[in-house]
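Commentary on secondary and tertiary structure
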Amino acid sequence: MSEFALNDLQREVIAGIRRADRIIAARCGWGSGKTSSLIFAMWFLSKIRPNTTSLLVTDTNARYNSVLMPEIEKWLAPRGWVYNHTLRQWTDQHTGSSVLCRSYFRPNTRDSSHNPLEGINVTSGVALIDECQTLGAEVANKALGRLRSGPSPTLILVGLPVADAWWCQMAEDAGCSPLLFTSYVNQSNLSDEWFEATKLLPPDEREAMVLNKPKPPSGLVYQEFDSERHVIDDFVYKPEMTGRIAIDWGFRKPSVLIIVYDEAREASVIVHEINPQEVTISQLSEMILRVAWPRSDKANAPSARIWLDTGCADKAGKARNDQTGRSAFREIAKAVGQGGIGMPLRHTTDPVRTDILNGVQKLKRAFNQSRYLITREVWRKGERATGNSLRKALMSYAWDSKEQPKKDGREDPLDALRYDAIFHYWADAISKASYARRKPNRNKRSGIHTSSRSF
């Protein structure tokens, strides 16, 4: 690519092609060079895969004519590329490679089998899609179906900053980290005056479109959470801080939060999260012990860790496993080296505390009072994580039409945090209506247990 002076975004797109990544997804600010990254990718593909055909897709003909075509004419026409208006196809005369250009518009009256990409044969194995924020995941799925004839298929998806970008999630689901860049990645090609002028924009718009920090949509459950207020940069862990762990069980995708109490801030700080897939309790314990260790067994820790004093988990862990006959609580309480973390966890069977809406209200109030904070490291890793993360959960956990939290498969870290909240921030009185609705037996015990009582 010595013919072009690429910025970091454009270099990363080319690197993804070299690696044959299945999905190369970029969410980037205004002026970052995201459209140019597609043009440079077209040029690169023509050199490494001669005599093949690729596919370039955008949302409308008007956008192709006003944005993509001028960029192609600027960068590729002087290098021997010619355009066939009838076929809507650019061809590199030196290598014989070509790119079919299509807009993706399908009337609602027609089903998805009638779309502008049907019948196209893409022999390079690569489809490039621009302006993903205006399109849905359907376009990527249909484009993928056109890549059957070439080598390992690659989708290159770029778009502007929107919260919960579907194309970034698609990359994560494929095990590929999305590319996230601000407008400043292209600072050498943008004037200082332009950046200064963007400061006149409404704050939320500048945060999203220049700094690549889109606000989540309205209707989220935890609207009290504000990353400006709850994500902290200057946290320093001290061994004397009380540490605790919260777990949402599940073989397929458990979630673990490691939390310490910062007395200076009078807040609980989330310092680490673990969101694996398809792991046993023993494997999950190993992952926890790499980061945190029971303070009571500190002398046997291989090195410095976050020291744990207590922990809690979902009461569902009481159930006995069909294969082992043992509960998750009992398994994780096993000694270090025997498949557990060497520390019992608490749970509650109190129907008032385990009521989801009661727990949600406790957590909402805790966020409102800044009782929970998140380190910047956890927040940043959460955005780029493959699979679940607390950040993704906060950005997607919304109310459904019946005013209940809507499960979307990402809520597990928030479930773990809710368990922590009902143990550590339950002091506020629950409304009488909640008690009346559940009618608990007030003569019974509180329903709080440690894992030693759960089997």
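Structure first, text after, so check above.
Given the structure is predicted, the values throughout are model-derived calculations rather than measurements. (Residues numbered from 1 in each chain as written. Predicted model: local features only at pLDDT ≥ 70, side-chain atom pairs only at ≥ 80, totals over all residues. Heavy atoms only, no water.)

Considerations on the overall build of the chain
In terms of helices and strands, the chain carries 16 helices and 20 strands. Taken across its 455 residues, the chain has 52% of its residues classed as buried. Restricting to contacts in the chain with at least 6 residues of sequence separation, those with at least 24 account for 70%. A total accessible area of about 21,500 Å² is found for the chain, and carbon and sulfur atoms account for 48% of it. (Helix = DSSP H or I, 4+ residues; strand = E, 2+ residues; numbered from the N terminus. Buried < 20%, exposed > 50% of the residue type's maximum accessible area, 1.4 Å probe, protein only. Contact = heavy atoms within 4.5 Å. Areas by Shrake-Rupley, 256 points an atom, 1.4 Å probe, with all protein chains shown as cover.)

Overview of the pairing of strand β1 (residues 23-28)
Burial of β1 is extensive: six of the six residues sit out of reach of the surface. Burial along β1 is two-sided: the residues Ile23, Ala25 and Arg27 and Ile24, Ala26 and Cys28 are all buried. In this structure, β1 lies alongside strand β7 (residues 154-159), joined through five bridges in parallel fashion. The residue bridging arginine 27 from the neighbouring strand is glycine 159, located in β7. Here β1 pairs with strand β8 (residues 179-181) via three bridges, running parallel. Looking at the pairing, alanine 26 lines up with leucine 179 of β8. (Pairing = 2+ DSSP bridges.)

Brief notes about the pattern of salt bridges
According to the stated counting rule, one finds 23 salt bridges in the structure shown. Across the pair aspartate 8 and arginine 11 runs a salt bridge whose closest N-O atoms are separated by 2.5 Å. Of this pair, aspartate 8 and arginine 11 both sit in helix α1 (residues 8-19), three residues apart, roughly one helical turn. Salt-bridge contacts for glutamate 224 lead to lysine 364; the nearest nitrogen and oxygen are separated by 2.8 Å. In this pair, glutamate 224 sits in the loop between α7 (203-209) and α8 (227-230) while lysine 364 sits in helix α12 (residues 356-368), placing the two residues 140 residues apart along the sequence. Among the residues examined, glutamate 224 registers a relative accessible area of 22% and is labelled partly exposed. If you follow the salt bridges from partner to partner, you end up with Lys34, Asp59, Arg63, Asp130 and Glu131 in one network. (Salt bridge = Lys/Arg side-chain N within 4 Å of Asp/Glu carboxyl O.)

Some points on the packing of aromatic side chains
A complete count under the given rule lists 16 aromatic pairs for this structure. Aromatic pair phenylalanine 40 and tryptophan 75: ring centres 5.0 Å apart, planes at 80 degrees, arrangement edge-to-face. Residue phenylalanine 40 is found in helix α2 (residues 34-48), and its partner tryptophan 75 is found in helix α3 (residues 61-75); the two are separated by 35 residues along the sequence. Judged by relative accessible area, which is 3%, phenylalanine 40 ranks as buried. Residue class for tryptophan 75 comes out partly exposed when judged on its relative accessible area of 22%. Each member of the aromatic cluster is reached from another via a ring pair, and the members are Tyr222, Phe225, Phe367, Tyr372, Trp379, Tyr397 and Tyr425. Lying across the ring of tyrosine 64, arginine 88 places its NZ or CZ 5.9 Å from the centre. (Phe/Tyr/Trp six-rings, centres within 6.5 Å; stacked < 30°, edge-to-face > 60°. Lys NZ or Arg CZ within 6 Å of the ring centre and 35° of its normal.)

Some words on the state of the cysteines
Scanning the entire structure with this criterion turns up zero disulfides. Just so you know, cysteine 168 is unpaired, no disulfide at all, and the nearest cysteine sulfur is the one on cysteine 28, 8.3 Å from it. (Disulfide = S-S within 2.5 Å.)

Examining the sheet that holds β7
Pairing within the open sheet is mixed, and its eight strands lie in the order β3-β4-β5-β2-β6-β7-β1-β8. Of all the strands in the sheet, just β3 (81-84) and β8 have a single pairing partner and so form its edges. Geometrically, the sheet is characterised by an average inter-axis angle of 15 degrees between neighbouring strands, direction not taken into account. Bridge count between strand β4 (residues 89-92) and strand β5 (residues 98-103): three bridges; the pairing is antiparallel. Among the inter-strand pairings, tryptophan 90 is bridged to a residue of β5, identified as valine 99. (Axes fitted to C-alpha atoms, helices over the stretch in contact; angles between N-to-C directions.)

Considering the packing of α1 against α2
The N-to-C vectors of α1 and α2 enclose an angle of 35 degrees; their axes lie 9 Å apart at closest approach. When you trace α1 past α2, the crossing you get is right-handed. Contacts from Leu9, Gln10, Val13, Ile14, Ile17 and Arg18 in α1 reach Lys34, Ser36, Ser37, Phe40, Ala41, Phe44, Leu45 and Ile48 in α2. (Left-handed = near helix turned anticlockwise from the far one by under 90°.)

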